[in-house]
Amino acid sequence: MTRDDRRSAPNIYKTRIFPKYKSYTLRNFRNISQIRANFSEAELFEMEVVGNVLPFKANNYVVDELIDWDKAAADPIFRLTFPQKNMLRPEHYDMMASTLKRTSSKSEIASVANIIREELNPNPAGQKDFNVPVFNGRPLSGVQHKYRQTVLFFPSQSQTCHAYCTFCFRWPQFTASQDLKFASKEIDTVIEYIKSDPSITDLLITGGDPMVMKPKLFEHYIDEILKANPPNLTNIRIGTKSLAYWPYKFTTDEDSGLLLRSFEKIINSGRHLSFMAHFNHYAELSTDVVRLAIKRIQQTGAEIRTQSPLFKFINDDPKVWSRMWNEQVRLGCIPYYMFIARHTGAQHYFKVDLERAWNIFRKAYQDCSGLARTVRGPVMSCNPGKVQVLGVTEINNEKVFALRFLQGRNEDWVHRPFFAGYDAGAAWINNLKPAFGADKFFYEDELSAIYKEKIAVLSNH
Ligand code: SF4
């Protein structure tokens, strides 16, 4: 941190007491005084059972600055970061609970955990195969390319986060089972791949969370990209929850200035930098440090776009969304997406049915000015693409869901309205059936043909 940084710094610097990151996991969560004060031994055991299957990590900022311990278990940020019994189905919970009561053997506990994980639909929507491009005769692990313009890169060093979301759809990345993970260090190959396809314009650096990387290492990746200077690459995106989980990354952390200068380098190269900030609740926008961090990122010339999935117990209330979107606009951020919880991990616990999701979206939307209406939702990011729920309506006396693609494996599917039969309990695309007596949705034949072709290519390499 340079002297100029300190001179222009607001109060949190003047105290000279810069918070040091401290994580809480199964290993030490019982040391958290607020946990001991609010939960019984039986409840702590329940957290342990779930935390042995689904990734669990909180940190001192979340615990001391974000969770309202007066509400304790009912607090949305607590539910977002601490495991709860019903996040596992009863049969899975009992399997792990009886194992923990019977043995402390790490290998036995791990093998029971892996059996359960296999039943939680790890890596949904083709993340480990369908989305993986083949380049120079081999699949590019740690890279995904589902939509024409955008390539995703998963640096190995960012396959963790400052805290874990209990609903995370990338949960397999944080478990010990190697075969469930994907990551790469090969930025050169990624750059060559981007150069090989002029229709690629966007690179999304994601994880886990790329902002857990040391600024020097992040700078290395950016320098390699800018040095290679792919002419077609006009936008760089960073998918991250660091503003919500550890905003000190951009204020008082070591080398925070260096990190921000890497952002400036991208802007100075004539490219757009979009900081894809993940916020689930307005409480995550409430501290001085997050507001300062937002300002510092914006001062580099980067735009901050905000997105979040919709979850029961955390933000399934239109007032939460309108307050969050309005505050994001006030802070100069651009609301981008409301997603539907993917069918993986603890979806059974967090899911909100599609009709209710649509009503939450439109009620919140009505409570915001046009500046927040950049947001699109509710959207299922599923195997065929990003499907928006436009709403429930009636056509020829048949109650239906009106849907459309915002992104598709075939971009010609985009913005073509299509209809599914109404189902009050439907919470994901696989719960929906075509309306009007059709036996398939308009895209299904083509989707399976694309899939067959892809698997054939992958199996030849
Ligand atoms: S920050 Fe993102 S990748 Fe990390 S646990 Fe949360 S949802 Fe998953």
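What you see is a predicted model, and the numbers here were worked out from it, not measured in a lab.

Trainee: What should I look at first to understand helix α14 (residues 318–330) in this one?
Mentor: What sets the pattern is the α-helix's 3.6 residues per turn: residues three or four places apart point alike. In this model α14 runs 18 Å from its N-terminal to its C-terminal C-alpha over 13 residues, within 8% of the 18 Å that 1.5 Å per residue would give. Every buried residue of α14 is listed here: V320, W321, S322, M324, W325, E327 and Q328. Of the surrounding secondary structure, the elements contacted by the buried residues of α14 are α13 (288–298), β10 (303–310), β11 (334–340) and α16 (354–366). With a side-chain oxygen positioned 2.8 Å from the backbone nitrogen of K319, the residue opening α14 is D317. G332 lies just past α14 and shows a positive phi near 85 degrees.

Trainee: Teacher, can you tell me more about helix α7 (residues 90–102) here?
Mentor: Taking 1.5 Å of rise per residue, the 13 residues of α7 would be expected to cover 18 Å, and the 18 Å separating its terminal C-alpha atoms lies within 8% of that figure. Taken together, the buried positions of α7 are occupied by H92, Y93, M96, A97, T99 and L100. For α7, the arc enclosing every buried residue in end-on projection is 160 degrees, short of the 170-degree limit, so these residues lie on one face. Opposite the buried face of α7, at more than 90 degrees from it, the exposed residues are P90, K101 and R102.

Trainee: Would you explain the site of the ligand in this entry?
Mentor: Near the ligand the following residues occur: C161, Y164, C165, C168, F174, G208, K241 and H278. Here the residues of the shell around the ligand are counted per class, giving five nonpolar, two polar and one charged.

Trainee: Help me understand the packing of α14 against α16, please; the structure alone is not making it clear to me.
Mentor: How two helices pack is summed up by the angle between their axes together with the distance between the axes. At a closest axis distance of 8 Å, the pairing of α14 and α16 adopts a crossing angle of 45 degrees. With respect to α16, the axis of α14 lies oblique. Considering the relative orientation of α14 and α16, their crossing is right-handed. Here P318, W321, S322 and W325 of α14 lie close against α16, whose contacting residues are I360, F361, K363, A364 and Y365. Residue classes in the contact of α14 with α16 are distributed as seven nonpolar, one polar and one charged.

Trainee: Please explain a negative patch on the surface as it appears in this structure.
Mentor: A cluster of acidic residues, E91, D94, E118 and E119, forms a negative patch at the surface. Tracing the sequence through the fold places E119 in the loop between α8 (106–118) and β3 (134–135). What makes E119 exposed here is its relative accessible area of 51%.

Trainee: Which parts of the structure should I look at to understand the packing of aromatic side chains?
Mentor: For any pair of aromatic rings, geometry is given as the distance between the ring centres together with the angle between the planes. With the rule as written, the count across this model stands at 40 aromatic pairs. With a centroid separation of 4.3 Å and 15 degrees between ring planes, the pair formed by Y164 and F174 is classed as stacked. Of this pair, Y164 sits in the loop between β6 (150–153) and α9 (187–196) while F174 sits in the loop between β6 and α9, placing them ten residues apart in sequence. Taking the relative accessible area as the measure of exposure, Y164 reaches 11% and is therefore buried. Relative to Y443, the ring of F442 has its centre 5.5 Å away and its plane inclined at 90 degrees; by these criteria the two rings are edge-to-face.

Trainee: Is there a simple way to think about the environment of P215 in this case?
Mentor: On the secondary structure map, P215 appears in helix α10 (residues 215–228). For the pair P215 and L259, spaced 44 residues apart in sequence, the C-alpha separation works out to 4.9 Å. In this view, P215 contacts K249, E254, D255, L258 and L259; residues no more than four positions away in its chain are not counted.

Trainee: Just to check I follow, could you spell out the packing of α10 against helix α12 (residues 256–268) for this structure?
Mentor: Packing of α10 against α12 leaves a shortest axis separation of 9 Å and a crossing angle of 15 degrees. As judged from the angle between their axes, α10 and α12 are roughly parallel. Seen along the crossing, α10 lies across α12 with a hand that is left-handed. Counting all contacts with α10, which are made through P215, K216, F218, E219, I222, D223 and L226, the residues of α12 involved are L258, L259, S262, F263, K265 and I266. Here the contact of α10 with α12 is built from residues that sort into eight nonpolar, one polar and four charged.

Trainee: Just checking my understanding: could you explain the pairing of β10 for this structure?
Mentor: For β10, a buried count of six out of eight residues is recorded, marking the element as mostly surrounded by other parts of the structure. Sheet topology note: the strand β9 (residues 272–278)/β10 ladder contains five bridges and is parallel. Bridged to H278 within β10 is Q307. In this fold, β9 hands off to α13, which returns the chain to β10; that crossover is right-handed. Relative to β11, β10 runs parallel, the two being bridged by six bridges. When the bridges of β11 are listed, P309 appears paired with F339. In terms of handedness, the path from β10 via α14 over to β11 forms a crossover that is right-handed.

Trainee: So what exactly am I meant to see when it comes to the sheet that holds strand β7 (residues 202–205) here?
Mentor: The strands that make up a sheet are held in pairs by hydrogen bonds between backbone atoms, and each pair lies either parallel or antiparallel. Taken in spatial order, the eleven strands line up as β5-β6-β7-β8-β9-β10-β11-β12-β13-β14-β15 in an open sheet, and their pairing is mixed. Here the strands that pair on one side only, and so sit at the sheet edges, are β5 (143–147) and β15 (418–421). Sheet twist, expressed as the average angle between the axes of neighbouring strands with direction ignored, equals 30 degrees. In this structure, β6 lies alongside β7, joined through four bridges in parallel fashion. Among the inter-strand pairings, L152 is bridged to a residue of β7, identified as L204.

Criteria and cut-off values
Residues numbered from 1 in each chain as written. Predicted model: local features only at pLDDT ≥ 70, side-chain atom pairs only at ≥ 80, totals over all residues. Heavy atoms only, no water. Helix = DSSP H or I, 4+ residues; strand = E, 2+ residues; numbered from the N terminus. Expected span 1.5 Å × (residues − 1). Buried < 20%, exposed > 50% of the residue type's maximum accessible area, 1.4 Å probe, protein only. Contact = heavy atoms within 4.5 Å. Polar contact = N/O pair within 3.5 Å; in protein donor to acceptor, adjacent residues only side chain to side chain. Arc of directions from axis to C-beta. Near = heavy atom within 4 Å. Nonpolar A, V, L, I, M, F, W, Y, C, P; charged D, E, K, R; others polar. Axes fitted to C-alpha atoms, helices over the stretch in contact; angles between N-to-C directions. Parallel < 35°, antiparallel > 145°, perpendicular 65-115°, else oblique. Left-handed = near helix turned anticlockwise from the far one by under 90°. Patch = residues over 30% accessible without salt bridge, like charges linked within 9 Å, V, L, I, M, F, W, Y side chains within 5 Å. Areas by Shrake-Rupley, 256 points an atom, 1.4 Å probe, with all protein chains shown as cover. Salt bridge = Lys/Arg side-chain N within 4 Å of Asp/Glu carboxyl O. Lys, Arg positive; Asp, Glu negative; His and termini not counted. Charge placed at Lys NZ, Arg CZ, Asp CG, Glu CD. Phe/Tyr/Trp six-rings, centres within 6.5 Å; stacked < 30°, edge-to-face > 60°. Pairing = 2+ DSSP bridges. Right-handed = clockwise from strand over helix to strand, strands pointing away.

Distances and angles like these do not, on their own, reveal function.
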